Amino acid sequence: MKRALALIMAAVLAPLAVPAAAAAAPAGNSVITWNLNAQTAIWDVARENPWVQSRSFAMVQGAVYDAVNAIAGKPYQPFIAAPRTTGRESTDAAVAAASYRVLTALYPAQSDRLKAQYDGYLAGIPDGRAERGGVTVGEQTAAAMLASRAGDGAFGVEEFPVGTAPGQWRPTPPTFANSGAWSADLKAFVLPRNDIFRTAGPPALTSAAYTRDLNEIKAIGGATSTLRTADQTDAARWWHDRKLGQWEINRQLAETQRLSVLQSARLLAMVNVAASDANTACFNEKRHWGFWRPVTAVQLADTDGNPDTTADPSWMPLLITPGSPDYTSGHACATGSNMTILRLFFGRDDIAFHATSEATGTTRYYTSFSGALEELINARVWGGIHFRSADTAGAVVGAKTSVYLYLNEFRRR
């Protein structure tokens, strides 16, 4: 895994990485404020699933970026829209309007709450031409974003194909869920094709690689495993929290690295758009390969034709298995994408950060982006829900997605 990611990073970091322009962080960075407001709508109220969350955040942050970039004079490539501006519009009003309009369109049931939040925020901005102009710019970029995503395939066919042969995916206990398949066909934000990073697929059931994968997860990923340490158990549960620590990490880095409002908007747009496309590419892999999850594989190992694996019909993983095929790991795709964009954006790997999980109540600390990604890959194995090959391949798909975005979007003009 380390070698695969190192090769990707070596190919892009040296010639391309440009440290983000730092500036004194303004009091109450509006981009950070409205990203937190978006999190409230997307997760705290709507409780969206991961494959829905990523699209929603990308839409909000893409519209915010276009608004801020336009008022700043378009120093970077516009993403969807480039409204005409004088540069005297209120950036804070534009950020609020762009966020509010996208969120209201996505969550009409929250319209009253969002309107009160929006009005309260605008009340803190002096009335006048600057505020009105900012609102107009934000509404324009929001409208352009919403128009670009109309009919994008979201919320289409929900279920993955189910198989019964060895190696084929089928819903898993205890929930037996089957959901999110439409993400495989979702119109990507930047990738030209959803299968552009098609992998070679999971290892053959009789291969040495599969034998290692199954025996590893059977030993350390089980609910009653005695090999897994307390810290590994915490890591597995911490990374499984659907209130993603990544959101806190993104905002924290914008603050600790003292990013301007423009650079904050650019960072959050890049990381969320890349994560959404990585998720789409990943789910396309899931549907294409339709590979069984570890809980099925361990319980039915006597059917896999591999003399070096042994069935345990009572084996269950530490974590509840999500309702989608194993290969590739969605969380590894997203985290591989996130950590790669952060590394490219800042031009370095060794930046410290931390985040707290609401589900576990614990805080985990990292000294590098690559270190966090490595722990995530391990954590999905420790949790018993993904084979290591699915995590490794997913991380590479995510990294490649972010490199593609970095080379083609949000670049300085």
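Whatever comes next refers back to the structure up there.
Quick notes on the rules
- Residues numbered from 1 in each chain as written.
- Predicted model: local features only at pLDDT ≥ 70, side-chain atom pairs only at ≥ 80, totals over all residues.
- Heavy atoms only, no water.
- Helix = DSSP H or I, 4+ residues; strand = E, 2+ residues; numbered from the N terminus.
- Rg over C-alpha atoms; globule rule 2.2 N^0.38 Å.
- Buried < 20%, exposed > 50% of the residue type's maximum accessible area, 1.4 Å probe, protein only.
- Areas by Shrake-Rupley, 256 points an atom, 1.4 Å probe, with all protein chains shown as cover.
- Salt bridge = Lys/Arg side-chain N within 4 Å of Asp/Glu carboxyl O.
- Axes fitted to C-alpha atoms, helices over the stretch in contact; angles between N-to-C directions.
- Parallel < 35°, antiparallel > 145°, perpendicular 65-115°, else oblique.
- Left-handed = near helix turned anticlockwise from the far one by under 90°.
- Contact = heavy atoms within 4.5 Å.
- Phe/Tyr/Trp six-rings, centres within 6.5 Å; stacked < 30°, edge-to-face > 60°.
- Lys NZ or Arg CZ within 6 Å of the ring centre and 35° of its normal.
- Disulfide = S-S within 2.5 Å.

(A) The overall build of the chain, seen in detail. A tally of helices and strands in the chain yields 14 helices and two strands. A compact globule built from 413 residues should have a C-alpha radius of gyration of about 22 Å, and the chain, at 22 Å, falls within 12% of that. Taken along its principal axes, the extent of the C-alpha atoms in the chain is 75 × 45 × 40 Å. Among the 413 residues that make up the chain, the fraction classed as buried is 59%. Accessible area of the chain: about 16000 Å², with a carbon and sulfur share of 54%.

(B) A look at the pattern of salt bridges. Under the definition given, this model contains 13 salt bridges. Notably, a salt bridge pairs Glu285 with Arg198, separated by 2.7 Å at the nearest N-O pair. Of this pair, Glu285 sits in helix H10 (residues 261-289) while Arg198 sits in the loop between helix H6 (129-149) and helix H7 (208-220), and the two are 87 residues apart along the sequence. A residue is classified by how much of its surface remains accessible, and Glu285, at 2% relative accessible area, is buried. Given the relative accessible area of 30%, Arg198 is considered partly exposed. Note that Lys243 is salt-bridged to Glu358, the shortest N-O span being 3.1 Å. Here Lys243 is found in the loop between helix H8 (230-240) and helix H9 (245-256), whereas its partner Glu358 is found in the loop between strand E1 (353-356) and strand E2 (363-366), with 115 residues between them in sequence. Accessibility expressed as a relative area gives 53% for Glu358, which makes it exposed. A single salt-bridge network, built from bridges that share partners, covers Asp231, Asp234, Arg364 and Glu375.

(C) Region of interest: the packing of helix H2 (residues 30-45) against helix H5 (residues 111-122). In contact at an axis separation of 12 Å, H2 and H5 are set at 170 degrees when each is read in the N-to-C sense. By the criterion of interaxial angle, the relationship of H2 to H5 is roughly antiparallel. Between H2 and H5 the crossing geometry is right-handed. Judged by residue contacts, Ser30, Thr33, Trp34, Asn37, Thr40, Ala41 and Val45 of H2 engage Arg113, Leu114, Gln117, Tyr118 and Tyr121 from H5.

(D) Quick look at the packing of aromatic side chains. Throughout the structure, instances matching the rule amount to 20 aromatic pairs. Between the aromatic rings of Phe346 and Phe369, the centroid separation amounts to 6.5 Å while the plane-to-plane angle is 20 degrees, which identifies the pairing as stacked. With a gap of 23 residues between them, Phe346 in helix H12 (residues 330-346) and Phe369 in helix H13 (residues 369-382) connect regions that are remote in the sequence. Residue Phe369 is classed as buried on the basis of its relative accessible area, which comes to 0%. Cluster of aromatic residues (ring-pair linked, three or more members): Trp238, Trp239, Phe345, Phe346, Phe353, Tyr366 and Phe369. The lysine or arginine in question, Arg149, covers the ring of Phe189, its NZ or CZ lying 3.8 Å from the ring centre. The ring of Phe283 has Lys286 sitting right over it, with the charged end atom 5.6 Å from the ring centre.

(E) The state of the cysteines, seen in detail. Going through the model one piece at a time under the given rule, you end up with zero disulfides. The closest cysteine sulfur to the non-disulfide-bonded Cys282 is located on Cys333, 3.2 Å from its own sulfur. Look at Cys282 and you get buried, because its relative accessible area is 0%.

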